[in-house]
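Residue-level listing of the chains:
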Amino acid sequence: MTVGTLFPRWSDWQPAFRSPGGDLLSGLIVALVALPLALGFGISSGLGAGAGLATAVVAGTVAAVFGGSRFQVTGPTGAMTVVLVPIFQQHGAQAVLAVGLLAGLLLVVLAIARVGRAMRYMPAPVIEGFTAGIAVVIALQQFPNALGVAHAHGEKVWRSAYDAVHQYVSQPHYTALVMTLVVTMVMLIGSRYLPKLPFALIAVALATAAARIFDLDLTPIGAIPAGLPAPTIGFVHLEQVGVLLAPALAVAALAALESLLSATAADSMAVGTRHNPDRELLGQGLANIAAPLFGGVPATGAIARTAVNVRSGARTRLAALFHAVVLATIIYLAAGLVADIPLAALAGVLLATTVRMVETASIAAIARASTGDAAIMLVTFVVTVSVDLVTAVAVGVAIAVLLALRSVAKEARLQPIPLDAPAQDTEHLTEEHQLLHDNIVAYRLEGPLFFAAAHRFLLELAEVSNVHAVVLRMSHLTALDTTGALVLKDAIGKLEHRGITVLMSGLRPDHRRRLDAIGALPRGGTNIFEHTPDAIAYVHAHLSDSAKAPRT
């Protein structure tokens, strides 16, 4: 696969131009949802509302063109804001721009190195767990606006939601809550029975009109900056780059992880789609290179906006591109119209989106599949809600790996040859009966012998006693790592120390090289045979009758 395959192709856009209506409508809806988020995240990062808008427009455009997902919507996100705040506090606004640029360059390198393909190995329970967790996080983020609380406090989203509820209970006022619930119900019920109609747009328009006609006490989006900052390249001095490299690595890692997870979630919400993870990294890299030039903060694929895009009927990447065009148009031409949209109405749109994000059938299927998968999904969900997405994925994958190793380790067996089995179940039955008579036993090593199974294997083999010789049949050993080889060396050493001769048969060349490198071959490699009959013949030819007395 060449670097050229990472760049856009005409086939990406042909379906969009044949039937653009659904994508244009979806892009419009996503833009209305993205606008307040871009403003809020820009302010939270420390660079201001204009920086958030610049990110949504510039990064959103570049990622839509060059990204690997046809549904992905890119812009500022809450998870990224958490990473940017310390950078802003320690180094200033220009450092945030420089970090974004450096992170973009790193993402391009990762794309060329094809690192994105590793995301395909993400366990399904982790994906379902973080998707459900993100849905809850998005819902909790809407509590202040849904309850009409202007300032909810708390570093974590669940604490902020709790504070909003506490303030609301102290001084209840129902206007915002009623509007949020009405918009949510209109979207859910309407999309179920008339899925082709843009109920999100209809509900927001009606809510805005009602707020103005009846002079409702609701908080609107408010005035937004007009226009984007002029392009600039003078971020920081060259000597500061070394200091900012570590933050840039963190930003690049978060951008890669959040974007690829968002693209994966979009694939699961749509039918018959699959994103290109390396192209997605390239698109996010180029987006993060471009956004700082216009004063934008680092961006990632935004799962909330991407989910709105999918659920609003998007079919191609034209929807994400048009969302950026709509935001740019609003900035320059229609800032006054958007300023009156109640935040409670947008909270209703996002709450409806979270309900449709959760695939209950997939969650139920995974929960029924096994206790381990259910535990992985539950832990990932809980950590996503209580801590953050990156930590949740790390914990979920770690648990999945441990459970997988435990399962694979159980496949490693030290199997005694059943000498009384039917002839078709064991080779050379006559010879093996003779071995049993001579106090010589044969064991077949089955499955992988690696660090997770090594200790149990050592205990089993070291317990072999009351025999003169042990034949280890290695042809069914599927994998052998260094830990397993060292354990085998220790077990063979213990047996030989007790006067028991150890022989091997059917040893694969790669396994023999590993065992030879660490000195684990029995008798320095002299007792190695290609076939079990050869080992049997060696036993009869070289061991005297007196040596065949039982060993204890």
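Residues numbered from 1 in each chain as written. Predicted model: local features only at pLDDT ≥ 70, side-chain atom pairs only at ≥ 80, totals over all residues. Heavy atoms only, no water.

S.K.: Explain the overall build of the chain residue by residue, including any values.
M.R.: Looking only at helices and strands, the chain has 24 helices and eight strands in total. Across the 552 residues in the chain, those meeting the buried criterion constitute 51%. Expressed as a percentage of contacts within the chain between residues at least 6 apart in sequence, the contacts between residues at least 24 apart total 83%. For the chain, the computed accessible surface area is about 24,800 Å², with 63% contributed by carbon and sulfur atoms. (Helix = DSSP H or I, 4+ residues; strand = E, 2+ residues; numbered from the N terminus. Buried < 20%, exposed > 50% of the residue type's maximum accessible area, 1.4 Å probe, protein only. Contact = heavy atoms within 4.5 Å. Areas by Shrake-Rupley, 256 points an atom, 1.4 Å probe, with all protein chains shown as cover.)

S.K.: Provide a residue-level description of the packing of aromatic side chains, including the pertinent values.
M.R.: Tallied over the entire structure, the rule returns two aromatic pairs. Each ring, one from Tyr168 and one from Tyr174, has its centre 6.4 Å from the other, and the planes form 85°; the classification is edge-to-face. Where Phe529 meets Tyr538, the ring centres are 5.2 Å apart and the plane angle is 50°; that geometry is what we call tilted. On the basis of relative accessibility, which here comes to 22%, the residue Tyr538 falls in the partly exposed class. (Phe/Tyr/Trp six-rings, centres within 6.5 Å; stacked < 30°, edge-to-face > 60°.)

S.K.: Describe the nonpolar core, listing the residues and the values that go with them.
M.R.: Residues Leu35, Ile221 and Met357 are the most contacted members of the largest nonpolar core, which totals 73 residues. Per element, the largest residue contribution to this core is 11 residues, and it comes from helix 2 (residues 21-45). (Core = buried A, V, L, I, M, F, W, Y, C linked by side-chain atoms within 4.5 Å.)

S.K.: Can you tell me about the side chain of Gln72, naming the residues and giving the values?
M.R.: Structurally, Gln72 is set in the loop between helix 3 (49-66) and strand 1 (74-75). Among the polar contacts listed, one links the side chain of Gln72 to the backbone oxygen of Ser259, at a separation of 2.8 Å. One polar contact links Gln72 to Ser262, side chain to side chain, over a distance of 2.7 Å. Not counting residues within four places of it along the chain, the set of residues in contact with Gln72 comprises Ser259, Ser262, Ala263, Glu280, Gln284, Gly301, Ala302, Thr306 and Ala320. (Polar contact = N/O pair within 3.5 Å; in protein donor to acceptor, adjacent residues only side chain to side chain.)

S.K.: So what's going on with helix 16 (residues 343-357)? Which residues, and what values?
M.R.: The first and last C-alpha atoms of helix 16 sit 21 Å apart over 15 residues, in line with the 21 Å expected at 1.5 Å per residue. Among the 15 residues of helix 16, 14 are classified as buried, and the element is accordingly described as predominantly covered. (Expected span 1.5 Å × (residues − 1).)

S.K.: How would you summarise a nonpolar patch on the surface if you had to cite specific residues and measurements?
M.R.: Together, Met185, Ile189, Tyr193, Leu194, Leu197, Ile202 and Leu206 make up a nonpolar patch on the protein surface, roughly 710 Å² of accessible area in all. Only helix 9 (175-193) and helix 10 (199-213) provide two or more residues apiece to the nonpolar patch. Sort the elements by how many residues they give to the nonpolar patch and helix 9 lands first, with three residues. Its location among the elements puts Leu194 in the loop between helix 9 and helix 10. What makes Leu194 partly exposed here is its relative accessible area of 47%. (Patch = residues over 30% accessible without salt bridge, like charges linked within 9 Å, V, L, I, M, F, W, Y side chains within 5 Å. Salt bridge = Lys/Arg side-chain N within 4 Å of Asp/Glu carboxyl O.)

S.K.: Talk me through the pairing of strand 4 (residues 440-449); I want residue IDs and the actual numbers.
M.R.: Each regular strand carries side chains that alternate between the two faces of the sheet. Burial runs high along strand 4: nine of the 10 residues are buried. For strand 4 and strand 5 (residues 469-473), the ladder comprises five bridges, and the chain directions are parallel. Paired with Ile440 across the bridge in strand 5 is Ala469. Pairing of strand 4 with strand 6 (residues 477-480) involves three bridges; the strand directions are parallel. Within the sheet, the bridge partner assigned to Pro448 lies in strand 6 and is Ala479. (Pairing = 2+ DSSP bridges.)

S.K.: Could you give an account of unusual backbone geometry, naming the residues involved and the relevant values?
M.R.: Of note in the backbone geometry, Arg114 takes a positive phi value of approximately 65° without being a glycine. Topologically, Arg114 is positioned in the loop between helix 5 (93-112) and helix 6 (124-141). According to the relative accessible area criterion, Arg114 is buried, its value standing at 10%. Here the phi dihedral of Asp215 falls at roughly 50°; this positive angle occurs in a residue that is not glycine. Locating Asp215 in the fold gives a position in the loop between helix 10 and helix 11 (241-269). Residue classification places Asp215 among the exposed residues on the basis of a relative accessible area of 68%.

S.K.: Explain the pairing of strand 7 (residues 501-505) to me, using residue names and the numbers behind them.
M.R.: Among the five residues that make up strand 7, five are buried, leaving the element largely enclosed by the rest of the structure. Residues Thr501, Leu503 and Ser505 line one face of strand 7 and the alternating positions Val502 and Met504 line the opposite face, and both faces are buried. Sheet topology places strand 7 next to strand 8 (residues 528-529); two bridges connect them, and they run parallel. Note that in strand 8 the partner of Met504 across the bridge is Ile528. Where the polypeptide runs from strand 7 across helix 23 (residues 509-517) and back to strand 8, its parallel neighbour, the crossover connection is right-handed. (Right-handed = clockwise from strand over helix to strand, strands pointing away.)

S.K.: Quick one: what's the story with the environment of Gly60, residue by residue and with numbers?
M.R.: Here Gly60 shows up in helix 3. Taking C-alpha positions, Gly60 is 8.8 Å from Gly301, a pair spaced 241 residues apart along the chain. Non-local contacts of Gly60, meaning those with residues more than four positions away in its chain, are made with Thr55, Thr74, Ala320, His323 and Ala324.

S.K.: Tell me what's going on with the pattern of salt bridges, and back it up with residues and numbers.
M.R.: For the structure on display, the rule yields four salt bridges. Between Asp510 and Arg508 there is a salt bridge, with its nearest N and O atoms 2.7 Å apart. Using a relative accessible area of 32% as the deciding quantity, one classes Asp510 as partly exposed. The class for Arg508 is partly exposed, based on a relative accessible area of 32%.

S.K.: Lay out the confidence of the model for the chain with the relevant residues and their values.
M.R.: Residues at a pLDDT of 70 or more form 88% of the chain, whose mean pLDDT is 83. Taken together, the stretch residues 545-550 has pLDDT below 50 and engages in nine contacts with residues farther than four places along the chain or on a different chain. (pLDDT = per-residue confidence, 0-100.)

S.K.: Pulling in residues and values, what's your account of the packing of helix 6 against helix 16?
M.R.: Close contact between helix 6 and helix 16 brings their axes to 9 Å; oriented N to C, the two are set at 165°. Between helix 6 and helix 16, the interaxial angle falls into the category roughly antiparallel. The way helix 6 lies across helix 16 gives a crossing that is left-handed. Facing helix 6, whose interface residues are Thr131, Ile134, Ala135, Ile138 and Ala139, helix 16 presents Leu350, Leu351, Thr354 and Met357. Class assignment for the residues of the contact of helix 6 with helix 16 results in seven nonpolar, two polar and no charged. (Axes fitted to C-alpha atoms, helices over the stretch in contact; angles between N-to-C directions. Parallel < 35°, antiparallel > 145°, perpendicular 65-115°, else oblique. Left-handed = near helix turned anticlockwise from the far one by under 90°. Nonpolar A, V, L, I, M, F, W, Y, C, P; charged D, E, K, R; others polar.)

S.K.: Can you tell me about helix 24 (residues 532-542), naming the residues and giving the values?
M.R.: Burial in helix 24 covers these residues: Thr532, Ala535, Ile536 and Val539. Across the axial projection of helix 24, the buried residues extend over an arc of 100°, all falling on one side. For helix 24, exposure combined with an orientation more than 90 degrees from the buried face picks out Ala541 and His542. (Arc of directions from axis to C-beta.)

S.K.: I'd like a rundown of the side chain of Ser26, residues and numbers included.
M.R.: Its location among the elements puts Ser26 in helix 2. Exposure remark for Ser26: the relative accessible area of 0% places this residue in the buried category.

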